[in-house]
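Here's the letter readout for the chains.
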Amino acid sequence: MNYLKRYLKYICLIVFICLAFNLYYIFLVDNRQIDLLVYLDFLLVIVILIFAFFEYLGYRKTKRKKDELLKLNTLIFNEFDDVDAAIIEHDINYLKNELQNQYDIDKANINTKIIERKRNIEIWKIISQYCSIKCFEKLNIIGTKISENIKTIYSIFGVTSVEELITLYSQEKEVSYFKKSERLESEPINIFSWKHYVFYESSKIQCDTKFSNDNLNNLIDELNHLFVINKDTIDTTKKILSRYGIKFIIVPKFDKTPIDGFSFWQGENPTIVLTLRLNRIDNYAFALLHEIYHVYMHLFNNREQKYISIEGAEINKCEEEANKFAKYSLISKDLWSAFLKQHSMISPHAMQMKIKQFAHQHNINEAIVLGFYQHDINLYSIKSSISREIK
């Protein structure tokens, strides 16, 4: 059938030619052949009808298949449309749920942060009443983030809560350095804050040498030699004291804290702290030897004790002993008494040359002699070309 369909148009053309020829013959040729030609024409018409019938059947079958395919395609596409719609709806619902969940989480986090921030603000207000926030800010110890500042304050004071900080402050309120200086303005909270900041800084220093209290004279000799040279004095002091098992640090004083030195025992080693409140070699040498005496004579036998030197504070027996030791370790008592007696009749303003001669003769730093002289005659306005800088 496919073969006939393929050549149907050619067959029809041949039949058409035959019919045309028959008609021509009917009209132009002998009438005796007319019946035969009519019969042949009838046969040709029958053939054409048969081919037309089969063509019709093929067309119907093809149309039916096309209709079935069209319906199938429509069904498939409808099903795909339904599936796509279901998937899209599922995705939209999923996205909505995810967004809602994230919104709820973010809202909860924001609420938590707000609550935490309010709580930190309240804690910070309380902390500000018991430690020197302004002094810590000046030294860039704390910044602008309250939560981090609270952690820093807790670390400095060795506490875990604001309640512990209050308790610590209350316990130390009875110690001597909370009393006002007789000559200089002092703020107990600032002193309290400075002291605990010093503890915090000292805890960071590692000292591997074990302290021994039987080498004091050797230590004094080394330091006196250093004071005369006065070169890289602070760094060299750290190295010398470290060899003797003593930690040494310089911590600037806070506002309204007229502190010169501080000594205490922490862990296995003693610590000496100077502020350089009076940044002069004579004051530096005196304050250092003062604290060294506390270490060897007081702290070694009582490691829970702490000694802080505040200008103008009441002087007890321990402080008086430390003062005498520092002074006469720099210049012997007999030598100094003889110097003052010998030049008692000379105007203080004419003493500069005598001070230099005495210092060179006994291998003492000129500035230390000048400082002692001013202190003992209570005249600090003496003009001098002697440098008192710590070099």
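Rules used in this analysis
- Residues numbered from 1 in each chain as written.
- Predicted model: local features only at pLDDT ≥ 70, side-chain atom pairs only at ≥ 80, totals over all residues.
- Heavy atoms only, no water.
- Helix = DSSP H or I, 4+ residues; strand = E, 2+ residues; numbered from the N terminus.
- Buried < 20%, exposed > 50% of the residue type's maximum accessible area, 1.4 Å probe, protein only.
- Contact = heavy atoms within 4.5 Å.
- Areas by Shrake-Rupley, 256 points an atom, 1.4 Å probe, with all protein chains shown as cover.
- Pairing = 2+ DSSP bridges.
- Salt bridge = Lys/Arg side-chain N within 4 Å of Asp/Glu carboxyl O.
- pLDDT = per-residue confidence, 0-100.
- Core = buried A, V, L, I, M, F, W, Y, C linked by side-chain atoms within 4.5 Å.
- Axes fitted to C-alpha atoms, helices over the stretch in contact; angles between N-to-C directions.
- Expected span 1.5 Å × (residues − 1).

**Digging into the overall build of the protein**
- When you go through the protein residue by residue, the secondary structure sums to 13 helices and four strands.
- Looking at the 391 residues of the protein, the share that counts as buried comes to 37%.
- Within the protein, counting contacts between residues at least 6 apart in sequence, those at least 24 apart form 68% of the total.
- Carbon and sulfur atoms make up 56% of the accessible area of the protein, which totals about 24,800 Å².

**A closer look at the pairing of strand β4 (residues 306-310)**
- Among the five residues of β4, four are classified as buried, and the element is accordingly described as predominantly covered.
- Inspection of the sheet shows strand β2 (residues 259-266) paired to β4 by five bridges, in the antiparallel sense. In the strand pairing of β4, I259 is matched with I310.

**Looking at the pattern of salt bridges**
- Within the structure shown, the criterion is met by 10 salt bridges.
- The salt bridge involving R388 is made with D282; its shortest N-O contact spans 2.9 Å. In this pair, R388 is assigned in the segment after α13 (366-377) and D282 in helix α9 (residues 281-299), connecting sequence segments 106 residues apart. Both residues of the pair, R388 and D282, belong to the buried class.
- As a salt-bridge pair, D376 and K327 come within 2.9 Å of each other at their nearest N and O atoms. In this pair, D376 sits in helix α13 while K327 sits in helix α10 (residues 317-330), placing the two residues 49 residues apart along the sequence.
- Overall, the relative accessible area of 30% leaves D376 in the partly exposed class.
- According to the relative accessible area criterion, K327 is buried, its value standing at 17%.
- Through salt bridges with shared partners, one network takes in D260, R277 and E311.

**Structural notes on the confidence of the model for the protein**
- When the pLDDT values of the protein are averaged, the result is 82; 69% of them are 70 or greater.
- Residue range residues 1-5 is modelled with pLDDT below 50. Its contacts to residues more than four positions away, or to other chains, number four contacts.
- Within the model, pLDDT remains below 50 along residues 30-34, and this stretch shows three contacts once partners closer than five positions in the same chain are excluded.

**Let's talk about the nonpolar core**
- Residues L219, L223, F227, L288, I292 and Y296 are the most contacted members of the largest nonpolar core, which totals 48 residues.
- Taken together, the elements giving at least two residues each to this core come down to α7 (216-229), α8 (233-243), β3 (269-274), α9, α10, α11 (333-342), α12 (352-361) and α13.
- Ranked by the residues each element gives to this core, the list is headed by α9, at 11 residues.
- Other than its neighbours up to four places away in sequence, L223 contacts T237, I240, L288, L289 and I292.
- Grouped together as the second largest cluster of nonpolar side chains are 37 residues, I141, I142, L168 and I259 included.

**Digging into the sheet that holds β2**
- Read across the sheet, four strands follow the order β1-β3-β2-β4 without closing on themselves; strand pairing throughout is mixed. What marks the edges here is a single partner per strand, and that holds for β1 (247-250) and β4. Strand-to-strand, the axes of this sheet are offset by a mean angle of 15 degrees, without reference to chain direction.
- Across the sheet, helix α6 (residues 188-202) lies against β1, β2, β3 and β4, angled at about 50 degrees from β2, the strand it touches most.

**Comments concerning α9**
- Its 19 residues give α9 an end-to-end C-alpha distance of 25 Å, which sits within 8% of 27 Å, the value for a rise of 1.5 Å per residue.
- Within α9, 17 of the 19 residues are buried, which leaves the element mostly enclosed by the surrounding structure.

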